[in-house]
Each structure stands twice: as structure tokens, then as C-alpha cells.
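Descriptive analysis of the structure
For reference, the chains in residue letters:
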Amino acid sequence: MKKRSAMGLVALATFTVLAGATVSPAQADDPGVAADCSVLGQVAGNAVGRLTPIQSLPDDQKQAARDGYISELQGTLSSVNSSRGQADLQAYISALQNASSPADAQGVLTAIIALQNDCP
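Residues numbered from 1 in each chain as written. Predicted model: local features only at pLDDT ≥ 70, side-chain atom pairs only at ≥ 80, totals over all residues. Heavy atoms only, no water.

**Overview of the nonpolar core**
Within soluble globular proteins, side chains that are nonpolar tend to cluster in buried spots. The condition that has to hold: Working definition of a nonpolar core: buried Ala, Val, Leu, Ile, Met, Phe, Trp, Tyr and Cys residues. They are joined through side-chain atoms within 4.5 Å. Categorising residues by exposure relies on relative accessible area from a 1.4 Å probe, with only protein chains included: less than 20% of the type maximum marks a residue as buried, more than 50% marks it as exposed, and the intermediate range marks it as partly exposed. Helix numbers and strand numbers start at the N terminus; a helix is a DSSP run of H or I with at least 4 residues, a strand a run of E with at least 2. Contacts were defined at the residue level, with two residues in contact if any of their heavy atoms lie within 4.5 Å.
Ranked by internal contacts, the top residues of the largest apolar core, which has 23 residues, are L73, L89, Y92, L96 and V108. Looking at this core, the elements with two or more residues in it are α2 (37-55), α3 (59-77), α4 (83-98) and α5 (105-118). Counting residues per element, this core draws most heavily on α2, at 6 residues. In this view, L89 contacts L40, V43, L73, T76, L77, V80 and L115; residues no more than four positions away in its chain are not counted.

This is the structure in C-alpha cells:
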């Protein structure tokens, strides 16, 4: 299946899951993650808005847009100080890097939900 379809399914599934997701605070496990909530919450909250337009790009532009977003996330990683927050953000980056089919959507969704769980 085309990457366009995979990214579309990721965006749709992400929206569906985020709209009904219930979260549990990770802050009890890693109190330092609370200081990272402004960053992690923004990444999780903007995930759908960032992924959705990528799906509508022509194939020759799609990879560059995804790589640009991943680069931004990697830059954001340096502003996250807690080990939990870093691990969750890195998991999201890795899931995006490895997403090439609709079957990979669940990994992206899981990573976004983990970010949300850090900062309910």
C-alpha cells in the first residue's frame, strides 16, 4: 500500500484514539517528567495536525515533509530532561521513521498515547 494511505490511516486512527483516550499520569513513576509537560503535551497535541497534511502531499514531497517533521522532533528531544519523557519522545520518532504501511499505524498511535500519558 502507498505511504499516502499509511499516513492517512495513521492520522485518522490517531484522531480517533486521541478523541476518546483516557490517560493515566506517568508523573508518579518519574516526577521529573512534570517539568517536560509543556514540551511533551505540545508534541502530542499537535501530532494529528502535523501528520494529516503530510498524507495529502504528492509522493515526491511526502518523504521530505516527514523527514522535516522528524528532524524537528529530534531537536525537541534536547529540551526534554526526564528519562521517561526522552524515551517516549524517542519512541514516537522511531515509530514515525519506521512507518511505511497501515500496519505501522498502531506503533505511532501507541507512541502518541505514551506522550499523552506523561502529561494528562
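**Quick notes on α3**
The condition that has to hold: Under the convention used throughout, the expected extent of a helix is 1.5 Å for every residue step, that is, one less than its residue count. Taking the helix axis as origin, the arc is that swept by the directions to the C-beta atoms.
The terminal C-alpha atoms of α3 lie 28 Å apart, and with 19 residues this matches the ideal 27 Å at 1.5 Å per residue to within 8%. Of all the residues in α3, the buried ones are K62, R66, Y69, I70, L73 and L77. Looking straight down α3, one finds that the buried residues subtend no more than 100° of arc, so they occupy a single side. Summarising the geometry of α3, the exposed residues directed more than 90 degrees from the buried face are D60 and A64.

**Topic: the layout of surface pockets**
Applied cut-off: Here the term cavity refers to a set of points on a 1 Å grid, laid over the protein atoms alone, in which a 1.4 Å probe fits but cannot get out; the term pocket refers to an open set having protein on both sides within 12 Å along at least five of seven lines, with lining residues being those that place an atom within 4 Å of a point. Grid points are joined across faces, edges and corners, and a volume is the space filled by probe spheres set on the points. Think of it as three bins: nonpolar holds Ala, Val, Leu, Ile, Met, Phe, Trp, Tyr, Cys and Pro, charged holds Asp, Glu, Lys and Arg, and polar takes everything else, Gly as well.
Counted as a void, the largest pocket has a volume near 160 Å³. Taken together, V39, Q42, V43, N46, R50, Y69, E72, L73 and T76 make up the lining of the largest pocket. Looking at the lining of the largest pocket, the elements with two or more residues in it are α2 and α3. The element contributing the most residues to the lining of the largest pocket is α2, with 5 residues. Residue composition of the lining of the largest pocket, grouped by class: 4 nonpolar, 3 polar and 2 charged.

**Regarding the packing of α2 against α4**
Defined as follows: Angles run from 0 to 180 degrees between N-to-C directions of axes, and those axes are lines fitted to C-alpha atoms, restricted for helices to the stretch in contact. In what follows, roughly perpendicular refers to angles from 65 to 115 degrees, roughly parallel to angles under 35, roughly antiparallel to angles over 145, and oblique to any angle outside these ranges. For any helix crossing, the convention is left-handed if the near helix is rotated counterclockwise from the far helix by under a right angle, and right-handed if that rotation is clockwise.
The contact between α2 and α4 brings their axes to 11 Å, and the two run at 15°. If you check the angle between α2 and α4, you find them roughly parallel. As α2 runs across α4, the sense of the crossing is left-handed. Along its contact with α2, which presents L40, V43, A47 and L51, the element α4 presents G85, L89, Y92 and L96. Of the residues contributing to the contact of α2 with α4, the split by class is 7 nonpolar, 1 polar and no charged.

The quantities given are spatial measurements derived from coordinates; they are silent on function.
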